[in-house]
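What follows is the residue order along each chain.
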Amino acid sequence: MSLQTAPGRPTARRTSGAPTRRRARRGLGLDLGAYAAMIAATVVLGAPLLWMVVASLKERSELYSVPLQWLPDDLDLANYAQAAGTIPMGQLIANSVGLTIVGAGLKVALGLTCAYALVFVDVPFRRAVFVLVLATLMIPSQITIIPNYTLVASLGWLNTYQGILVPGLASAFGTFLFRQHFLSLPTSILEAAELDGAGHWRKLWQFVVPLSLPTVAAVALVSVVAEWNDYLWPFLVVDDAAKMTLPVGLTLLQSIDGMNNWGVLLAATVVVTVPILAVFLVLQRRLVAGLTAGAVTG
Amino acid sequence: MSTTVLAPPAPRSGQTDPPAASPTSPASRRTRSRRRRSWLAFALLAGPNVLLLLVFVYRPLLESLYLSTLQWNLGSPVARFIGLGNYREWFTSPDTAQVLLATGVFTVVTVGGSLVLGLGLALALDRKLPGRAVARTVAFAPYVLSGFAVGILWLFIFDPRYGLMSTLLQAVGMSSPQWYTEPPWPLVMIIVVYVWKNLGYVALIYLAGLQAIPQDVRDAAALDGATSARTLRSIVLPLLTPTTFFLLVTMLLSSLQSFDIIQAMTKGGPLGSTTTLMYQIYEEGFVNGRAGYASAGATILFVLLLAVTAVQLRFVERKVHYA
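Residues numbered from 1 in each chain as written. Chains lettered and ligands numbered in written order. Predicted model: local features only at pLDDT ≥ 70, side-chain atom pairs only at ≥ 80, totals over all residues. Heavy atoms only, no water.

In terms of regular secondary structure, chain A is built from 16 helices and zero strands. Long-range pairs, those at least 24 residues apart, make up 73% of the contacts in chain A between residues at least 6 apart in sequence. Split by element, the accessible area of chain A, about 12700 Å² in all, is 65% carbon and sulfur. (Helix = DSSP H or I, 4+ residues; strand = E, 2+ residues; numbered from the N terminus. Contact = heavy atoms within 4.5 Å. Areas by Shrake-Rupley, 256 points an atom, 1.4 Å probe, with all protein chains shown as cover.)

A separate point is a positive patch on the surface. On the surface, a cluster of positive charge is made up of B:Arg29, B:Arg32, B:Arg35 and B:Arg36. The residue B:Arg32 is located in helix α1 (residues 27-67) in this model. (Patch = residues over 30% accessible without salt bridge, like charges linked within 9 Å, V, L, I, M, F, W, Y side chains within 5 Å. Salt bridge = Lys/Arg side-chain N within 4 Å of Asp/Glu carboxyl O. Lys, Arg positive; Asp, Glu negative; His and termini not counted. Charge placed at Lys NZ, Arg CZ, Asp CG, Glu CD.)

With 182 residues, the main nonpolar core has A:Phe182, B:Val144, B:Trp154 and B:Met265 as its most contacted residues. For this core, the leading source of residues is helix α7 (residues 185-211) of chain B, giving 17 residues. With near-sequence residues (within four places) excluded, A:Phe182 lies in contact with A:Leu112, A:Ala115, A:Tyr116, A:Val119, A:Phe120, A:Val208 and A:Ser212. (Core = buried A, V, L, I, M, F, W, Y, C linked by side-chain atoms within 4.5 Å. Buried < 20%, exposed > 50% of the residue type's maximum accessible area, 1.4 Å probe, protein only.)

Next up on the list: the interface of chain B and chain A. Chain B puts 117 residues into the contact, and the matching count from chain A is 110 residues. Summing both partners gives a buried area of about 9900 Å² for chain B against chain A, and 73% of it is carried by carbon and sulfur. At the surface where chain B touches chain A, the tally comes to one salt bridge. Between chain B and chain A we count 17 residue pairs in polar contact (both at pLDDT 80 or more) in total. At 22 residues, α1(B) tops the list of elements feeding residues into the side of chain B that touches chain A. Looking at the side of chain B that touches chain A, its residues break down into 81 nonpolar, 22 polar and 14 charged. (Buried area = accessible area lost by both parts, 1.4 Å probe. Polar contact = N/O pair within 3.5 Å; in protein donor to acceptor, adjacent residues only side chain to side chain. Nonpolar A, V, L, I, M, F, W, Y, C, P; charged D, E, K, R; others polar.)

All names here are of chain A. Summarising the element assignment, Arg179 is placed in helix α9 (residues 173-183). Of the side chains with opposite charge, Asp122 lies nearest to the buried Arg179, which makes no salt bridge, at 12 Å. Apart from the residues within four sequence positions on either side, Arg179 is in contact with Ala115, Leu118, Val119, Arg127 and Phe130.

Tallied over the entire structure, the rule returns 27 aromatic pairs over all chains. Each member of the aromatic cluster is reached from another via a ring pair, and the members are A:Tyr149, A:Tyr231, A:Phe235, B:Phe148, B:Phe259, B:Tyr279, B:Tyr282 and B:Phe286. A cation over a ring is seen here: A:Arg179 above A:Phe130, with NZ or CZ 3.6 Å from the ring centre. (Phe/Tyr/Trp six-rings, centres within 6.5 Å; stacked < 30°, edge-to-face > 60°. Lys NZ or Arg CZ within 6 Å of the ring centre and 35° of its normal.)

What the rule picks out here adds up to seven salt bridges over all chains. The salt bridge partner of A:Glu227 is A:Lys107, with a shortest N-O separation of 3.2 Å. Here A:Lys107 lies in helix α5 (residues 89-120) and A:Glu227 lies in helix α12 (residues 213-229), a separation of 120 residues in the sequence. The same class applies to A:Glu227 and to A:Lys107, which are both buried. Its salt-bridge partner being B:Arg290, residue B:Glu89 comes within 2.9 Å of it at the nearest N-O pair.

All right, on to helix α4 (residues 132-140) of chain B then. Taken together, the buried positions of α4(B) are B:Ala135, B:Thr137, B:Ala139 and B:Phe140. The inward-facing, buried residues of α4(B) abut α2 (28-56), α15 (262-282) and α16 (284-291) of chain A together with α3 (94-125) and α7 of chain B.

This brings us to the packing of α12(A) against α16(A). Residue and element names in this part refer to chain A. At a minimum axis distance of 8 Å, the contact between α12 and α16 shows a crossing angle of 80°. Considering the angle they form, α12 stands roughly perpendicular to α16. Between α12 and α16, the contacting residues are Pro214, Ala217, Ala218, Leu221, Val222 and Val225 on the first element and Arg286, Leu287, Gly290 and Leu291 on the second. Grouping the amino acids of the contact of α12 with α16 by side-chain chemistry returns eight nonpolar, one polar and one charged. (Axes fitted to C-alpha atoms, helices over the stretch in contact; angles between N-to-C directions. Parallel < 35°, antiparallel > 145°, perpendicular 65-115°, else oblique.)

Take the environment of B:Arg161 next. Looking at the secondary structure, you find B:Arg161 in the loop between α5 (147-157) and α6 (164-171). Residue classification places B:Arg161 among the exposed residues on the basis of a relative accessible area of 58%. Separated by 15 residues in the primary sequence, B:Arg161 and B:Ser176 have C-alpha atoms spaced 8.2 Å apart. Apart from the residues lying within four places of it in its own chain, the contact partners of B:Arg161 are A:Val66 and B:Ser166.

Of all residues in chain A, 89% attain a pLDDT of 70 or more, and the chain-wide mean is 87. Within the model, pLDDT remains below 50 along residues 1-18 of chain A, and this stretch shows 41 contacts once partners closer than five positions in the same chain are excluded. (pLDDT = per-residue confidence, 0-100.)

Once that is clear, we can look at the environment of A:Thr251. Locating A:Thr251 in the fold gives a position in helix α14 (residues 246-257). In this structure A:Thr251 comes out as buried when scored by relative accessible area, which is 10%. Residues A:Thr251 and A:Tyr231 lie 20 residues apart in sequence; the distance between their C-alpha atoms is 9.8 Å. When neighbours within four sequence positions are excluded, A:Thr251 is seen to be in contact with A:Tyr231, A:Phe235 and B:Phe148. Of the polar contacts made by the side chain of A:Thr251, one reaches the side chain of A:Tyr231; its length is 2.8 Å.

A separate point is unusual backbone geometry. A cis amide bond links A:Val66 with the next residue in sequence, A:Pro67, at an omega value of -5°. Secondary-structure assignment places A:Pro67 in the loop between α3 (60-63) and α4 (78-86). A positive phi angle is found at B:Lys128, which is not glycine, with a value near 55°. Mapped onto the fold, B:Lys128 is located in the loop between α3 and α4. We classify B:Lys128 as partly exposed; its relative accessible area is 40%. Not every positive phi belongs to a glycine, and B:Leu271 is a case in point at roughly 55°. Overall, the relative accessible area of 79% leaves B:Leu271 in the exposed class.

This is how it looks when you write it as C-alpha cells:
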C-alpha cells in the first residue's frame, strides 16, 4: 500500500492540442503494432472469463472430451443445480452479501469518523494518532493472523459472523484517503457550519461527507471488493458450511468434488466472480479510482 | 453513538467569541471545558477505529514476536520458551533453501513480468486508439476478482488432458507439460495466473504515469528527429521512474504475501515446489500446528516487507518529482 499520495492529489491531465495530428501521421505503423498488442491483451485477459462461463454450462461429456468441444450443445444449468446441492449456495450468497455490505459500511464509517477527528477536532496529540493509524499499513496480515486466531477462538468466535468480520474492520487505508481529502476541503464551509451552531457529529454528516462523496464511493467500493474476495481469514475461522463466505465455500466444493467435476466447480466459480464483475462494470470509474489511489506521484 | 454527547457549537478561536459572552466567568475555565469537549469528541470519533487497530493489529504484532520465541503448538496449553530456537531452526532447515528459491522465483518473475507486460499494454492504450475503453475494462477486470476463484478457473484451463491450454499448445505442435505434478510447471502455472490477475492494475497505473508526461516534451523530442523507440528510451522511461518504483514496491509487497492463488492451485506442492514463505507460515501454523515456528517465519517475512518499505520511503523522499 502506498504512503506517497500527495495532499490534494493533483490529477495530472495531458494538455493535448494541435500536435496530436502530427503525431498521428508519424505513428501509423506504431498504431498498428499497438492495436495488435491491445487486441492480444484483451483476448488473453478476457477469454478465460468467457471460457469460465461457457464451461460452466457444459455437460460432463462435453467437458471431458478429446478433442475439446468449444461450445455446449444446449444451455444447461445442471452444474449450478448440482453445486447448490453440494454446498448451501443460497446461504453462502447471503453470507457473502451480508458480510460485504456490513463490513464495507462499517469500514467507511470508521474511516470517516476517524479521519474527521484527525483533521477537524483540535487536540494536541492527533498527529501521533495519525502516525499510529498510518503505520498499520506497513504491518502485514500474516504476522497478526496467529494471535488473532487465538483471540477469536478464545472468545468463542470461531464459526461466527463477528469472528469473520471484526478483526478486519479497522480502517487504515480509508482513514488515510479520507484525511487527505478532508485536508483539501475549504475551511470556510466548516466555519459557516460552526456559526450555524452545528456540532461535530452534524458537521461530519451534513457538511463534510456530502462534500466528499467521490472519495466515500471509492473507499466503499474498494472495501466491497476486498471484503467479497477476502480469503485467508474467513477460511481459517470458519469450517461450518452455514457460516462460510463464497470463496471459502468454493474451497469446500473443491475438496469434495476434486478436479474430476469441473462443471460444478466452474459453476460455483461463476457465482463467486460474476457479482463483483457486475459491480466493477457498473461502477468502473470510481472503483478504479479507489484501487489505484495512492499511485499518483505527480 | 449519539448526537447529544458531541461537542456543542464551539467557535474555533477566541477572535470569533462574542465579546459580551460572559465577562464574569474566567476565560480559562471556558477554554478548559472546551478542551475537555474536544477530547471527548476526539475519543468518540477516532476511538473505535484506533481501538480496533490496537486490538487487532498492534497487540497481535507484539504477541507474534513473543510467540516466535516459544515452542508452542496451536491450541496447546503448554509452551516452552526457546529464545531464538525457532529462528535457528528456520535458518538451518533443509526446507528453507527451497522455500527461498520458490519465493524468490515467484516474486521476481511475477513482479518483473507484470511490470514489463503492463508497461507494454499501457503504451498501447496510451495511443488513443478506438476500442481502448473496452480494452482497459477487460484488462482491469481480473484484478477485482477473488484470487481463489481465479485459481480454480485457471486450474481448469491448465488441465493437461481436457484443458484449453493443452488444446492451444497442440495447435502449435507442442504437447502439454504436466502442469499439476511435474516441477517446475506448477510454479510456472501460479506465476502465469498471478501476472494475468495483476497485469491490468499495472497497466492502468503506468497509463496514468504516461498521461502525466506533458505532451510537448514528447513532441519536442519528435521535432528533434528522435525515433519513437529513442523517445521511449530517453524520455518516457526516465520520466516514468517514480511510477515504476511505486509499482515495483507495491507488486513486491503483494506478491510476497500472495496466498489464495497458491491455495487454490497447488497447496504449496508438489513436493513443496510452490511453497513460498507466506504459504509456509500458513502451513506450519495451521496445518502442522507449529504456531511458534510459524510466528518466527512471520517475523522473517515482516522484516523482509519492512525492508522493502524502508527502501521505498528512503527513495521517495529523495526522488525529485517531475511535472
